[in-house]
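# Working through the structure, step by step
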Amino acid sequence: MLYTTMFSSLTLLLMLVCAIRGENPAFQVVLSNKGLQYGSHVGAGWIQDKLNSVTIPDVSGKISLGIFGNINYQLSGFQIIKCDFPEPKVEFSQPLSGISTSILGLSIALTGNYKANYGFIKIGGSMQVALFNVDVTSLVNLGKDDDGHLSVTSNNCMASIEAMDIRVHGGSSWITQFIINQSKGWIKTKIEKSICVGVEDLTADLECHLKAMNVSLKVNENLLLEVPLTRAPVIDASSLNLGLKGEFLSLISPQEPPFQAQNFTMSPQSAFMLSVGLSDFTVNSASYSLFSDGLLQENITDSLIPPESPVHLNTSYMGSFIPQLPVMFPGLMMALHVYAREFPAFCFQASAIKLTTLGAVKAFVILPNSTLTPVFTLHVESEFSGKTWITDQSLKGSVMMDNFTLTLADTQIGTFKTDPLENAAKFALKSFVLVKLNERLAQGFDLPKWKQAQLVNTVLKMEEGFIGISTDAAVQLQDAAQGLHP
């Protein structure tokens, strides 16, 4: 029972933060031995606090006296009044792909009631039961079901009670003592079996909750995040690795991107409880879905520009860059249609995050009758690089522009040089847009906090093809366990 309760909370933490094709995972979660031991320790403390409210099944049976009939009895109303709960031993089981738990030397004192009848003779009273040196060992296998959910299966459980003492109060002493002498071994065996039945029932309950978890998460009205397991959990002597699909799909017209997640290996981070690896495939799948749905475009008019700005969308202002424009269309307002020609591509490197965009700007003149007439189209190629880090439990970053190029793709007003427009755009981006963006990134974004858990001592490292985040956690196990129940 300890293992199942503890693993319930760890599963919520892991699956915080799932139609499988066997592809490489774009999102990996690694639980280290440090995290496993922390979960075991917190789980043991939670169980210790909750023992008084544990429901213990009634025990009933009959003792055959041969030709003299049967003595029927019932032991009920058990309550735990004292428990010496040792620290459990929890380990990753590599050969059997699971987690093993051992509780050795557990001692429990209980109170309860008994009833017995033999013909017309009926007796009853209270009883005290002491269980000494109770050992419980269990193994739970971890796997993946057909839909990509994490699966748990009770593989083996053994429980033994070295000694048991029963004392009764009330009733006929000879009948009571006879029942105790005759049924003590049977009751001991019954309790040992009920312990493992409880482990199996709780494991099955956890399996039901895992199976009910969504493996497709709706992000907004446009995007769905697919997070099934792409493989069975990978377990070694010191860690548990969960590989998730980590792919964004369009809710409007879902389709697989023309690229695949590349395999990446996370280096062991045994000093931290939990590590997460995020591949650039994940963000590129979001970019591709938004582009495929035609969402990476915008119409810009002068009404979107602040009145105090020196830049305005009209032929008079644009005449400083394109002399023929105000001659052909004097004193008219303009509109721009900005759109992506390809999906913006992200590349995670050890030194920086690279972003390459291929876009276009189609310019229109707004005629007096409100008709839009096209005047030219510019192709825009830009490259940006950025860095991100975590400090004081806040995600921060910085961005710089590496390249920005404008070329004339089409014109209805004759050719013109794009260098002046390119230089003006570069100046605006560097002096205003990136300045504001970097100011906000420098302020940072607080890492998420949950009722069940809080991340602490979190660090971020940029790797080739993915970003790795390692962290410890402070878990509110009571809340997390309650969160498993509807």
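Residues numbered from 1 in each chain as written. Predicted model: local features only at pLDDT ≥ 70, side-chain atom pairs only at ≥ 80, totals over all residues. Heavy atoms only, no water.

A separate point is the overall build of the protein. Helix and strand counts for the protein stand at eight helices and 22 strands. Relative to its length of 486 residues, the protein is extended, with a C-alpha radius of gyration of 34 Å against a globular reference of 23 Å. Along the first, second and third principal axes, the C-alpha atoms of the protein reach 120 × 45 × 40 Å. With 486 residues in all, the protein has 45% of them scored as buried. Of the accessible surface of the protein, which amounts to about 24700 Å², a share of 57% is contributed by carbon and sulfur atoms. Within the protein, the 41 negative side-chain charges are centred at a point lying 7 Å from the centre of the 31 positive side-chain charges. (Helix = DSSP H or I, 4+ residues; strand = E, 2+ residues; numbered from the N terminus. Rg over C-alpha atoms; globule rule 2.2 N^0.38 Å. Buried < 20%, exposed > 50% of the residue type's maximum accessible area, 1.4 Å probe, protein only. Areas by Shrake-Rupley, 256 points an atom, 1.4 Å probe, with all protein chains shown as cover. Lys, Arg positive; Asp, Glu negative; His and termini not counted. Charge placed at Lys NZ, Arg CZ, Asp CG, Glu CD.)

Moving on: the pattern of salt bridges. Opposite charge on two side chains allows them to pair when their charged atoms are near. Evaluated as defined, the whole model comprises 10 salt bridges. As a salt-bridge pair, Arg167 and Asp165 come within 3.2 Å of each other at their nearest N and O atoms. Judged by its relative accessible area of 28%, Asp165 is partly exposed. Residue Glu422 pairs with Lys426 through a salt bridge whose shortest N-O separation is 3.3 Å. Pair noted here: Glu422 and Lys426 are both in helix α7 (residues 419–443), with a separation of four residues, about one helical turn. A relative accessible area of 25% places Lys426 in the partly exposed class. (Salt bridge = Lys/Arg side-chain N within 4 Å of Asp/Glu carboxyl O.)

On to the state of the cysteines. Considering all chains together, one arrives at one disulfide under this definition. Across the disulfide from Cys157 sits Cys196; the S-S distance is 2.2 Å. Since a negative S-S torsion denotes a left-handed disulfide, the Cys157-Cys196 link at about -80 degrees is left-handed. Residue Cys157 is found in strand β7 (residues 150–169), and its partner Cys196 is found in helix α3 (residues 173–212); the two are separated by 39 residues along the sequence. There is no split in this pair, since Cys157 and Cys196 are both buried. This cysteine, Cys83, is not joined by any disulfide, and Cys157 carries the nearest cysteine sulfur, 16 Å off. (Disulfide = S-S within 2.5 Å.)

Because an α-helix completes one turn every 3.6 residues, residues spaced three or four positions apart along the sequence face the same direction. The end-to-end C-alpha separation of α7 is 35 Å, in line with the 36 Å expected for 25 residues at 1.5 Å each. At Leu429, α7 shows its largest bend, some 35 degrees. Residues of α7 that are buried include every one of Leu421, Glu422, Leu429, Leu434 and Leu441, and no others. Buried-residue contacts for α7 involve α5 (315–318), β18 (372–391), β19 (394–411) and β20 (445–446). Directly beyond the C-terminal end of α7, a positive phi value near 85 degrees is found at Gly444. (Expected span 1.5 Å × (residues − 1). Bend = angle between axes of the 7 residues up to and from the residue. Contact = heavy atoms within 4.5 Å.)

Taking 1.5 Å of rise per residue, 13 residues should cover 18 Å, and helix α4 (residues 280–292) covers 18 Å from first to last C-alpha, within 8% of that figure. Every buried residue belonging to α4 is among Asp280, Phe281, Thr282, Asn284, Ser285, Ala286, Ser287, Tyr288 and Ser289, and all of these are buried. For α4, the secondary structure elements touched by its buried residues are β9 (223–226), β12 (247–250), β13 (274–279) and β16 (345–348). The N-cap residue of α4 is Ser279: its side-chain oxygen and the backbone nitrogen of Phe281 are 3.0 Å apart. One or two steps after α4, the chain reaches Gly294, where phi turns positive at roughly 70 degrees. (Polar contact = N/O pair within 3.5 Å; in protein donor to acceptor, adjacent residues only side chain to side chain.)

Attention now moves to the sheet that holds β12. Read from one edge of the open sheet, three strands run β8-β9-β12, paired in antiparallel fashion. Of all the strands in the sheet, the pair left with one neighbour each is β8 (216–218) and β12. For this sheet, the mean angle separating the axes of adjacent strands, direction not counted, is 30 degrees. Summarising the sheet, β9 and β12 pair through four bridges and their orientation is antiparallel. The residue of β12 that forms the bridge with Leu224 is Leu249. Its contacts with the sheet place α4 against β9 and β12, and it is angled at close to 10 degrees to β12. (Pairing = 2+ DSSP bridges. Axes fitted to C-alpha atoms, helices over the stretch in contact; angles between N-to-C directions.)

Here we come to the nonpolar core. Side chains of a nonpolar character, in soluble globular proteins, are inclined to be buried together. Grouped together as the largest cluster of nonpolar side chains are 35 residues, with contacts concentrated most on Leu75, Val129 and Leu131. Listing elements by their share of this core, those giving two or more residues are α2 (33–50), β2 (59–64), β3 (70–84), β5 (98–118), β6 (121–144), β7 and α3. The dominant element in this core, judged by the number of residues it contributes, is α3, at seven residues. By size, the runner-up hydrophobic cluster in this structure holds 25 residues, among which are Leu313, Phe376, Leu406 and Leu434. (Core = buried A, V, L, I, M, F, W, Y, C linked by side-chain atoms within 4.5 Å.)

A separate point is the sheet that holds strand β10 (residues 234–235). Taken together, the six strands give an open sheet; going across it, the order is β10-β11-β1-β13-β22-β21, and neighbouring strands pair in antiparallel fashion. A strand with exactly one partner marks an edge of an open sheet, and here the two such strands are β10 and β21 (453–463). The sheet contact formed by strand β1 (residues 27–32) and strand β11 (residues 239–244) spans six bridges and is antiparallel. Across the sheet, Val29 pairs through a bridge with Leu242, a residue of β11.

Moving on to the packing of aromatic side chains. Tallying each qualifying case throughout the model produces eight aromatic pairs. Judged by centre distance (5.7 Å) and plane angle (85 degrees), the rings of Tyr288 and Phe343 are edge-to-face. Here Tyr288 is found in helix α4, whereas its partner Phe343 is found in the loop between β15 (334–340) and β16, with 55 residues between them in sequence. By the burial criterion, Tyr288 is buried, and Phe343 matches it. Arranged with centres 5.8 Å apart and planes meeting at 65 degrees, the rings of Tyr317 and Phe321 form a pair that is edge-to-face. For Tyr317, a relative accessible area of 27% corresponds to the partly exposed category. What makes Phe321 buried here is its relative accessible area of 17%. Three or more aromatic residues joined by ring pairs form one cluster here, namely Phe259, Phe281, Tyr288 and Phe343. (Phe/Tyr/Trp six-rings, centres within 6.5 Å; stacked < 30°, edge-to-face > 60°.)

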